[in-house]
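# Examination of the molecular architecture
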Amino acid sequence: MDAVNHQFRLAARPVGLPKPSDWTYAEEPVREPADGEVLVKIEYVSLDPAMRGWMNEGRSYIPPVGIGEVMRSFAAGEVIASKDPDVAVGEHVGGLLGVQEYALASGKGVVKVDTSLAPLPVYLGTLGMPGVTAYFGLLDIGQPQAGNTVVVSGAAGAVGGLVGQIAKLKDCRVVGIAGGEQKCRHLVEELGFDAAIDYKSQDVGAALTEHCPNGIDIYFDNVGGEILDAALAHLARRARVVICGAISQYNANGAMKGPSNYMALLVQHASMTGFVMSDYFDRYAEAVREMAGWLAAGKIVSREDIAEGLENFPEVLLRLFKGENTGKLVLKL
Ligand code: NAP
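Just so it is clear, the model here is predicted, and its values are computed rather than measured. (Residues numbered from 1 in each chain as written. Predicted model: local features only at pLDDT ≥ 70, side-chain atom pairs only at ≥ 80, totals over all residues. Heavy atoms only, no water.)

Time to look at the site of the ligand. Residues in contact with the ligand amount to 27 residues; listed here are only the nearest, K183, Y199, Y250, M277 and N325. With respect to the ligand, the backbone of F275 contributes an N or O atom lying 2.9 Å from a nitrogen atom. Those elements that provide at least two residues to the shell around the ligand are helix 2 (129-142), helix 3 (158-169) and helix 9 (313-322). Looking at the shell around the ligand, its residues break down into 16 nonpolar, ten polar and one charged. Each of two domains, domain 1 (4-125 + 303-332) and domain 2 (129-278), supplies a minimum of three residues to the shell around the ligand. (Near = heavy atom within 4 Å. Polar contact = N/O pair within 3.5 Å; in protein donor to acceptor, adjacent residues only side chain to side chain. Helix = DSSP H or I, 4+ residues; strand = E, 2+ residues; numbered from the N terminus. Nonpolar A, V, L, I, M, F, W, Y, C, P; charged D, E, K, R; others polar. Domains from an automatic or database assignment.)

In structure tokens, the structure reads:
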């Protein structure tokens, strides 16, 4: 094969916000797949806040990306060569394929996707990792009951927008927290949230008092920091706090800011549970099936924010940390 594979390889461990020099833009020849492998021509690369954590040294739920390695990312594309009898050329697949144009992967390590049901980018969002995260994080950890008040932060993003919509399907009252008036309008007018709080211009504590008069039964946290603290101060009795992420802290220089209102957990007989979606890999298909049904029936809306050009990867990734995306941020190659 004569094709050249352009790719981003990790060059340095970032301090604070990543900068372009933390990666090298490299190229290498495309290799034929070995037995059991498939060669995927990547069409969309997923941009996920977790990628920031994967660049750090140290103990986490997954080993860090090594210096010199291709930057880890979810991606989706078409199989163009296969030495796995179960995966045919022409099929579309998704998986941890990296920030590059072509990926060799084990046929067993990719998930087949049906592009006649939904466009490929949707399989990186609603019908992919963020969708599965929202689904199990809310339903399994949050345990919503009809009539519950659910508050979600990072609400206009990939995970948050779905958490709120699933909570509405479970007859909850849903309040989203997001940055900016436009995002807040999107939550109420397009995603069907009951209320939205603009944390950039409003006092979050006062707004939670207004919108959650009976307290918060489920707080689904994507951002951590001060917003987590404000939510803790408004918990209802036996509330469930779902720790999904803490994006406000990912680029902190030094220690992350932890919650100071944690005694609210004792006072309200509440729980706070961290989870990683990979705990649910064996139930991935179950979530995707149900979400696909909701999507086809028009019960949930899938929103993708599509940027273009592999070479733009470093600056597009930063949009997540600047709040410049609405819905699932992906890069089209
Ligand atoms: P996303 O919400 O689509 O994008 C990130 C959003 O975070 C931005 O649009 C921005 O929205 C908000 N944000 C950025 N900096 C912030 C700050 N300092 N304070 C408050 N909000 C800030 O990303 P996503 O993929 O859906 O991920 C959301 C969260 O879920 C992340 O924390 C991620 O790490 C986590 N996650 C966890 C798992 C798991 O298995 N536990 C899986 C997937 C994702 P605004 O404009 O509203 O600020």
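Alright, that's what it looks like, and here's the rest.
Burial analysis of helix 2 places 13 of its 14 residues in the buried class, the great majority of the element. Residue Q143 follows helix 2 closely and has a positive phi angle near 50°. (Buried < 20%, exposed > 50% of the residue type's maximum accessible area, 1.4 Å probe, protein only.)

This part is about the layout of surface pockets. Quantified by volume, the second largest pocket comes out at close to 470 Å³. The wall of the second largest pocket is formed by 28 residues, among which G94, V111, V113, L127 and Y284 lie closest to the centre. A total of five residues in the lining of the second largest pocket trace back to one element, the largest contributor, which is helix 8 (residues 284-296). Residue classes in the lining of the second largest pocket are distributed as 18 nonpolar, five polar and five charged. (1 Å grid on protein atoms, 1.4 Å probe; cavity = no way out; pocket = protein on both sides within 12 Å on 5 of 7 lines; lining within 4 Å. Points joined across faces, edges and corners; volume = space filled by probe spheres on them.)

One non-glycine residue, Q143, lies in positive phi territory at about 50°. Within the secondary structure, Q143 sits in the loop between helix 2 and strand 8 (149-153). By relative accessible area, which is 41% here, Q143 ends up partly exposed. If you check the backbone angles, H269 has positive phi at about 55° while not being a glycine.

A few words now on the state of the cysteines. The final tally for this structure, using the stated rule, is zero disulfides. As a non-bridged cysteine, C172 has C212 as the owner of its nearest cysteine sulfur, 12 Å distant. (Disulfide = S-S within 2.5 Å.)

Further remarks concern the sheet that holds strand 9 (residues 173-178). Ordered by their spatial adjacency, six strands build an open sheet running 10-9-8-11-12-13, and the pairing between neighbours is parallel. The strands lining the two open edges of the sheet, one partner per strand, are strand 10 (195-198) and strand 13 (271-274). When strand polarity is set aside, the average angle formed by the axes of neighbouring strands in this sheet is 15°. Pairing of strand 9 with strand 10, which is carried by four bridges, proceeds in the parallel orientation. Looking at the pairing, G176 lines up with A196 of strand 10. Helix-sheet contacts for helix 2 involve strand 8, strand 11 (216-221), strand 12 (235-243) and strand 13, and the interaxial angle to strand 11 is about 145°. (Pairing = 2+ DSSP bridges. Axes fitted to C-alpha atoms, helices over the stretch in contact; angles between N-to-C directions. Contact = heavy atoms within 4.5 Å.)

For helix 3, with twelve residues, the first-to-last C-alpha span of 17 Å sits near the 16 Å given by 1.5 Å per residue. Taken across its twelve residues, helix 3 has ten buried, putting it largely inside the fold. Among the residues making up helix 3, those that are buried are A158, V159, G160, G161, L162, V163, G164, Q165, I166 and A167. For helix 3, the elements touching its buried residues are helix 2, strand 8, strand 9, strand 11, helix 8 and strand 15 (328-332). Just downstream of helix 3 lies D171, where phi reads positive at about 65°. (Expected span 1.5 Å × (residues − 1).)

Once the domains are mapped, the chain shows domain 1 (4-125 + 303-332) and domain 2 (129-278). Computed over C-alpha atoms, the centres of domain 1 and domain 2 are 28 Å apart. Between the two partners, domain 1 and domain 2, sit one salt bridge. The closest approach of N and O atoms between E190 and R303, which form a salt bridge, is 3.6 Å. One can count six residue pairs in polar contact (both at pLDDT 80 or more) joining domain 1 with domain 2. (Salt bridge = Lys/Arg side-chain N within 4 Å of Asp/Glu carboxyl O.)

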